[in-house]
Amino acid sequence: PISFGSILVPEATKFLSDSRWYVVRNMVALLRAVNDRTSLPEIRRCAQHPDLRVRLEAIKALFAVDTSVPQALLEHAINDPDPKIAETAIGLVGSYGIKEAVGPLLRILAGRNVFGKKRSLRLRAIKSLGDIGIPHALTGLQLFFNDSVLPWPPAEERRAAFESLAGYPADARQGLVQKGLKSRDLE
């Protein structure tokens, strides 16, 4: 479809107003694939779509085509006050591979989660960082790779961090894998 880009753009743009979320998401993805700049106003509108999947696909398209995209669009989706929407957004940024989400995801992991209230968000953020797989994210995850007798970070988060290493390039994760093999935690 990319070779037919200029032919597809007008028709694909018409479908950005469709009532079916999956049609709109697919048209946004198609417009991103053909690197179309003429539909940017419509894609910006889709970044406010009621369906989270459409919003994130639009944000991903905007980051790919338009360098002036406000990071706040992504931050708002990831930090939604509704924990279920935030958790879904965090999972989707990982599966969509939105590399601009690394900073906001690391901020979710900053500090301690003393009573475990944000455990599912934090676990999802760790997994999404692994799905994105950008090596510099490992610097922000160092706390999770340290062996500690204290209950911080929680074992579940530490294990998730080690599991997420599979998504990073081999050379970036090699030292951490060795550290994990020497850990007192047999898992």
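Residues numbered from 1 in each chain as written. Predicted model: local features only at pLDDT ≥ 70, side-chain atom pairs only at ≥ 80, totals over all residues. Heavy atoms only, no water.

## Observations regarding helix 10 (residues 155-164)
Stated formally: Per-residue accessibility, obtained with a 1.4 Å probe over protein chains only, is compared with the maximum for each type, and a residue is labelled buried under 20%, exposed over 50%, and partly exposed between these values. The secondary structure listing takes helices from DSSP runs of H or I that are at least 4 residues long and strands from runs of E that are at least 2 residues long, numbered from the N terminus. Regarding the arc, it is the one traced by the directions from the helix axis to the C-beta atoms. We call two residues in contact when some of their heavy atoms are within 4.5 Å.
Those residues of helix 10 not exposed but buried are Glu 157, Arg 158, Ala 160, Ala 161 and Ser 164. Viewed end-on, helix 10 has its buried residues packed into an arc of 160°, placing them on one side of the element. Looking at the packing, one finds that the buried side of helix 10 touches helix 8 (119-132).

## Quick notes on the packing of helix 4 (residues 52-65) against helix 5 (residues 71-78)
Put simply, the rule is: To get an axis, fit a line to the C-alpha atoms, keeping to the stretch in contact for a helix; angles then go from 0 to 180 degrees between the N-to-C directions. Working definition: roughly parallel below 35 degrees, roughly antiparallel above 145 degrees, roughly perpendicular at 65 to 115 degrees, and oblique for all remaining angles. Rotating anticlockwise by less than a right angle from the far helix to the near helix defines a left-handed crossing, while the corresponding clockwise rotation defines a right-handed one. Under the scheme applied here, ten amino acids are nonpolar (Ala, Val, Leu, Ile, Met, Phe, Trp, Tyr, Cys and Pro), four are charged (Asp, Glu, Lys and Arg), and all others, including Gly, are polar.
Between helix 4 and helix 5, the least distance of the axes is 10 Å, while the angle of their chain directions is 150°. Of the possible angle classes, the one that applies to helix 4 and helix 5 is roughly antiparallel. Where helix 4 crosses over helix 5, the two elements pack in a sense that is left-handed. Here Leu 52, Leu 56, Ile 59, Leu 62 and Phe 63 of helix 4 lie close against helix 5, whose contacting residues are Gln 71, Leu 73, Leu 74 and Ala 77. Looking at side-chain class alone, the contact of helix 4 with helix 5 contains eight nonpolar, one polar and no charged residues.

## So, helix 5
Residues of helix 5 that are buried: Leu 73, Leu 74, Ala 77 and Ile 78. Across the axial projection of helix 5, the buried residues extend over an arc of 125°, all falling on one side. In helix 5, those exposed residues whose orientation departs by more than 90 degrees from the buried face are Ala 72 and His 76. Here the buried face of helix 5 lies against helix 4, helix 6 (83-96) and helix 7 (102-109).

## Some details on the pattern of salt bridges
What counts here: Salt bridge, as applied in this entry: a Lys or Arg side-chain nitrogen positioned within 4 Å of an Asp or Glu carboxyl oxygen.
Enumeration over the complete set of coordinates arrives at 10 salt bridges. The partner of Glu 11 in a salt bridge is Lys 14, with the nearest N and O atoms 3.1 Å apart. With a gap of three residues between them, Glu 11 and Lys 14 both fall in helix 1 (residues 5-14), about one helical turn apart. Residue classification places Glu 11 among the partly exposed positions, given a relative accessible area of 42%.

## Let's talk about the packing of aromatic side chains
Each aromatic ring pair is described using two quantities: the centre-to-centre distance and the angle formed by the ring planes. Here is the rule: In this scheme Phe, Tyr and Trp rings, the latter by its six-membered ring, pair at centre separations within 6.5 Å, and the angle between planes marks the pair as stacked below 30 degrees, edge-to-face above 60, and tilted otherwise.
Scanning the entire structure with this criterion turns up one aromatic pair. For the pair Trp 21 and Tyr 22, a centre-to-centre distance of 5.8 Å together with 90° between the ring planes defines the contact as edge-to-face. Since its relative accessible area comes to 26%, Trp 21 is described here as partly exposed. For Tyr 22, a relative accessible area of 40% gives the class partly exposed.

## Let's talk about the packing of helix 4 against helix 6
Direction vectors running N to C along helix 4 and helix 6 enclose 40°, while the axes themselves pass 10 Å from each other. By the angle between their axes, helix 4 is oblique relative to helix 6. Viewed along their axes, helix 4 and helix 6 form a crossing whose handedness is right-handed. Every residue of helix 6 that contacts helix 4 at Leu 52, Arg 53, Arg 55, Leu 56, Glu 57 and Lys 60 is listed here: Ile 85, Thr 88, Ala 89, Leu 92, Val 93 and Tyr 96. Here the contact of helix 4 with helix 6 is composed, by residue class, of seven nonpolar, one polar and four charged.

## Some points on the environment of Pro 104
Here Pro 104 lies in helix 7. Take Pro 104: its relative accessible area is 2%, and that puts it in the buried class. Note: C-alpha distance between Pro 104 and Gln 71 (33 residues apart in sequence) is 9.3 Å. Not counting the four nearest positions on each side in its chain, Pro 104 is found in contact with Gln 71, Glu 75 and Ile 78.

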